[in-house]
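Here's the letter readout for the chains.
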Amino acid sequence: MSYTRTDRKPEEFRNLKMTTGFISSADGSVLIEMGRTRVICNATLLPKVPDWLAGRGTGWITAEYSLLPQSTGKRVERERKGASGRTQEIQRLVGRSLRGAADLAALGENAIVVDCDVIEADGGTRTASIIGGFVALAIAVKKIKERLGITQQILKHGITAISVGVVDGNPLCDLCYVEDSAADVDMNVVMQDAKNFIEVQGTGEHASFDRAMLNTLLDLGENACKEIYKKQMELIGGELP
């Protein structure tokens, strides 16, 4: 059965909305909504860096990710015995991506954790976590610099991400769950300043793909990241802290 996207063009991402200050107790908080995917991203200053970094004069940025029980059609069990392999993979991706924004030495011996809690999952939760997580991080860094008296610029780059893939031979941007579950090729693109690639995760789920298709998917991802980056920068005031 052939698939044709009807609600938007192949190169378009879903309606993107970010609500800042969503959780008042966090240093930086964003509710990001991409279509029906919704993630709460909270950035919080931690009391100390990890033990293996203590005394080195540098900071750390990390991330945690979770699917809340009613985030999918079938209730997700809470991970009481530790993060699953999938969860660890995603939070490492989010953490690596966000560290690509920062001069960790300028942060001093301080750490920030970005918690990404998915309240509704309809595809693209990890890329939404990176998009919203960066905005939450930028908001938090502004407050943390003032609180701790840090004068150096901590964030040097903007970080954004998007999913792309191939469904029934059609290259698509920002796959929803129905598209993602049927995708022959699935890829996540993470970019720095919407110019350079931080990470590209591409898998031929049910089919291989050639160099021409790879280039097409990267072009889709880069173009989407440029548009998303503009929205992120508007929210944080146009300047990186």
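Residues numbered from 1 in each chain as written. Predicted model: local features only at pLDDT ≥ 70, side-chain atom pairs only at ≥ 80, totals over all residues. Heavy atoms only, no water.

This next bit is on the overall build of the chain. Within the chain, the regular secondary structure consists of 4 helices and 9 strands. The secondary structure elements of the chain, listed N-terminal to C-terminal, are β-β-β-β-α-β-α-β-β-α-β-β-α. Along the first, second and third principal axes, the C-alpha atoms of the chain reach 60 × 40 × 30 Å. When each of the 241 residues of the chain is scored for burial, the buried share is 51%. (Helix = DSSP H or I, 4+ residues; strand = E, 2+ residues; numbered from the N terminus. Buried < 20%, exposed > 50% of the residue type's maximum accessible area, 1.4 Å probe, protein only.)

Turning our eyes to something else, we now look at the UniProt feature "domain: Exoribonuclease phosphorolytic" (unreviewed entry) in the chain. Here, UniProt's "domain: Exoribonuclease phosphorolytic" (unreviewed entry) annotation points to residues 12–140 and 160–223. Here residues 12–140 is 24% helix and 31% strand, with 30 Å between the C-alpha atoms at its ends. Between the end C-alpha atoms of residues 160–223 the distance is 11 Å, and the span holds 28% helix and 45% strand. (UniProt positions renumbered as here; feature names shortened; annotations may be inferred.)

Let's shift gears to the nonpolar core. The nonpolar side chains of a soluble globular protein tend to be buried, and buried together. Membership of the largest hydrophobic core comes to 64 residues, with the highest contact counts inside it found for Ile32, Leu155 and Ile162. With 12 residues, the single largest contributor to this core is helix α2 (residues 125–148). If near-sequence neighbours (up to four positions away) are discounted, Ile162 is found in contact with Phe13, Met34, Thr127, Cys173, Asp174, Met187, Asn188, Val189, Gly221, Ala224, Cys225 and Ile228. (Core = buried A, V, L, I, M, F, W, Y, C linked by side-chain atoms within 4.5 Å. Contact = heavy atoms within 4.5 Å.)

Quick look at the packing of helix α1 (residues 85–99) against α2 now. In the contact formed by α1 and α2, the axes pass within 10 Å of each other and the chain directions differ by 40°. Here α1 lies oblique to α2, going by the angle between them. When the axes of α1 and α2 are compared, the crossing they make is right-handed. Residues Arg86, Glu89, Ile90, Leu93, Val94, Ser97 and Leu98 of α1 lie in contact with α2, whose contacting residues are Thr125, Arg126, Ser129, Ile130, Gly133, Phe134 and Leu137. The residue makeup of the contact of α1 with α2, split by class, is 7 nonpolar, 4 polar and 3 charged. (Axes fitted to C-alpha atoms, helices over the stretch in contact; angles between N-to-C directions. Parallel < 35°, antiparallel > 145°, perpendicular 65-115°, else oblique. Left-handed = near helix turned anticlockwise from the far one by under 90°. Nonpolar A, V, L, I, M, F, W, Y, C, P; charged D, E, K, R; others polar.)

Relative placement of two packed helices is described by the angle separating their axes and the distance separating the axes. Taken N-terminus to C-terminus, the directions of α2 and helix α4 (residues 211–235) make an angle of 25°; their axes are 9 Å apart at the nearest point. Taken together, α2 and α4 sit at an angle that is classed as roughly parallel. Of the two possible hands of crossing, α2 and α4 adopt the one that is right-handed. Where α2 abuts α4, its residues Ile131, Phe134 and Val135 lie against Ile228, Gln232 and Leu235. For the contact of α2 with α4, the per-class residue count stands at 5 nonpolar, 1 polar and no charged.

So, about the sheet that holds strand β8 (residues 185–192). Spatially, 4 strands are ordered β7-β6-β8-β9 in an open sheet, and the strand pairing comes out antiparallel. Looking at the sheet topology across the chains shown, the edges are occupied by β7 (170–173) and β9 (196–204). Adjacent strand axes in the sheet meet at a mean angle of 15° when their direction is disregarded. Where α2 meets the sheet, its contacts fall on β6 (159–167), β8 and β9, and the angle it forms with β6 comes to roughly 160°. Packing of α4 onto the sheet brings it into contact with β6, β7, β8 and β9, and relative to β6 it is tilted by some 145°. (Pairing = 2+ DSSP bridges.)

A separate point is the sheet that holds strand β2 (residues 28–34). In spatial order, the strands read β1-β2-β3-β5-β4; together these 5 strands make up an open sheet with mixed pairing. With one partner strand each, in any of the chains shown, β1 (16–20) and β4 (60–67) form the two edges of the open sheet. For this sheet, the mean inter-axis angle between neighbouring strands, taken without regard to orientation, is 20°. Taken together, the 7 bridges between β2 and strand β3 (residues 37–46) define a ladder with antiparallel strand orientation. Along β3, the bridge assignment pairs Glu33 with Arg38. Helix-sheet contacts for α1 involve β4 and β5 (111–120), and the interaxial angle to β4 is about 145°. The strands touched by α2 are β1, β2, β3, β4 and β5; relative to β3, the strand with the most contacts, the crossing angle is about 30°.

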